[in-house]
Amino acid sequence: MKKIWKWGYLGLVLLFIYLPILVLAVYSFTDSTNIGAIRSFSLHNYVTLFTTGELRDMIVGTLLLAIGAAAAATVLGTLGAIGAFYSKEKVSRAISTMNQVPVVNADVVTGFSLCILLVVVMRISKDTFIPLVVGHITLCAPFVYLAVLPKIKQMDSSLYEAALDLGATPLKALMQVVIPQIVPGIVSGFALAVTLSLDDYFIATYTKPATFDTISTYVVNATKGSQTTIKTALWALSTVIFLVVIVVVMGMNLYQAKEAGKGTGLEKGEKK
């Protein structure tokens, strides 16, 4: 009876999470203009998605922003995690505490504060994209820190000192000893940063140029308009994003399982 309740509860949670996405995916392959009665099968939404210049530019711009901001955030978050790990206990605790503030802080507060600091106080024009990029880096870097730090703690802390004792320079020891040990955490942090950047709405709203839209801001504005063709094309966009996420997650899980299998094989070989 306990197993039935457990699997029933799990199934109910998964149903609430994935059923709306599946419904949206089904309607993206029809010519329906509203969620309700299913009409005939059609790829019109996908054709509109990939042939409309406005939508294509918005997607490309969002991806470039997400990848660029995630790359910068990954570098900053990784260096911050390494610095905190090798710092004294009080300094490390202070860095971890300061890193938690933007994580738990509301995005609307972060976005509004960055807008005041960069645009009003420092007088940086939003047309330069600098406030938008800085805002997304600020959003993503703390989460990269949280993804990398556990991997550093799993590493033998004496490896870096041993490399220095053997004649390696600090930079060489960092690049050839420390970084290879924490690559899974760096990759996970980068993937999380890309997702956060793609998903962000409030920071982009306060810091983006007036002529630029991310996926989130475009979707919100499109749902308020009357262009039915654009609205239904966004169903297709949501389906594509969902499928890409599934492929990426499965790929990362398979890679980690493969690496874990290699590690197990090495351990067995050493025992023999």
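In case you missed it, the structure is sitting above this.
Bear in mind the structure is a predicted one, so any value in this text is a computation, not a measurement.

The rules we used
- Residues numbered from 1 in each chain as written.
- Predicted model: local features only at pLDDT ≥ 70, side-chain atom pairs only at ≥ 80, totals over all residues.
- Heavy atoms only, no water.
- Axes fitted to C-alpha atoms, helices over the stretch in contact; angles between N-to-C directions.
- Helix = DSSP H or I, 4+ residues; strand = E, 2+ residues; numbered from the N terminus.
- Parallel < 35°, antiparallel > 145°, perpendicular 65-115°, else oblique.
- Left-handed = near helix turned anticlockwise from the far one by under 90°.
- Contact = heavy atoms within 4.5 Å.
- Buried < 20%, exposed > 50% of the residue type's maximum accessible area, 1.4 Å probe, protein only.
- Arc of directions from axis to C-beta.
- Disulfide = S-S within 2.5 Å.
- Phe/Tyr/Trp six-rings, centres within 6.5 Å; stacked < 30°, edge-to-face > 60°.
- Salt bridge = Lys/Arg side-chain N within 4 Å of Asp/Glu carboxyl O.

K.L.:
Sorry if this is basic, but what is going on with the packing of helix α4 (residues 89–104) against helix α6 (residues 130–154) here?
P.N.:
Here α4 crosses α6 at 130 degrees, and the two axes come no closer than 8 Å. Compared by their axis directions, α4 and α6 come out oblique. Note that α4 runs across α6; the crossing there is left-handed. Between α4 and α6, the residues in contact are I95, S96, N99, P102 and V103 and P142, F143, Y145 and L146, respectively.

K.L.:
Looking at this structure, I do not really get helix α2 (residues 44–51). What am I missing?
P.N.:
Three or four residues apart is the spacing at which side chains of an α-helix point the same way, because the helix has 3.6 residues per turn. Regarding α2, the residues found buried are N45, Y46, T48 and L49. Viewed end-on, α2 has its buried residues packed into an arc of 160 degrees, placing them on one side of the element. In α2, those exposed residues whose orientation departs by more than 90 degrees from the buried face are F50 and T51.

K.L.:
I'm lost on the environment of A72 in this one. Help?
P.N.:
Tracing the chain through its elements places A72 in helix α3 (residues 53–85). Separated by 64 residues in the primary sequence, A72 and G8 have C-alpha atoms spaced 43 Å apart.

K.L.:
Just to check I follow, could you spell out the state of the cysteines for this structure?
P.N.:
Such a bond, covalent and formed between the sulfur atoms of two cysteines, is termed a disulfide. Under the criterion given, the structure shown has zero disulfides. Counting only cysteine sulfurs, C140 is the nearest neighbor of C115, a cysteine outside any disulfide, at a range of 18 Å. In this structure C140 comes out as buried when scored by relative accessible area, which is 0%.

K.L.:
Would you mind going over the packing of aromatic side chains with me for this structure?
P.N.:
Pairs of aromatic rings are described using the distance from one ring centre to the other and the angle between the two planes. Using the criterion set out here, one finds nine aromatic pairs in the structure. A centroid spacing of 6.2 Å and a plane angle of 55 degrees characterise the contact between Y18 and F242, whose relative ring orientation is tilted. With Y18 in helix α1 (residues 2–28) and F242 in helix α12 (residues 228–271), the pair connects residues that are 224 residues apart, well separated along the chain. Taking relative accessible area as the criterion, Y18 reaches 39% and is therefore assigned partly exposed.

K.L.:
Help me out: how do you make sense of the pattern of salt bridges in this one?
P.N.:
Opposite charge on two side chains lets them pair, provided their charged atoms get close. Evaluation of the coordinates by the stated rule reveals two salt bridges. Among the salt bridges present, the one from R93 reaches E89, with a minimum N-O distance of 2.8 Å. With a gap of four residues between them, R93 and E89 both fall in helix α4, about one helical turn apart. With a shortest N-O distance of 3.5 Å, D213 and K208 are connected by a salt bridge.

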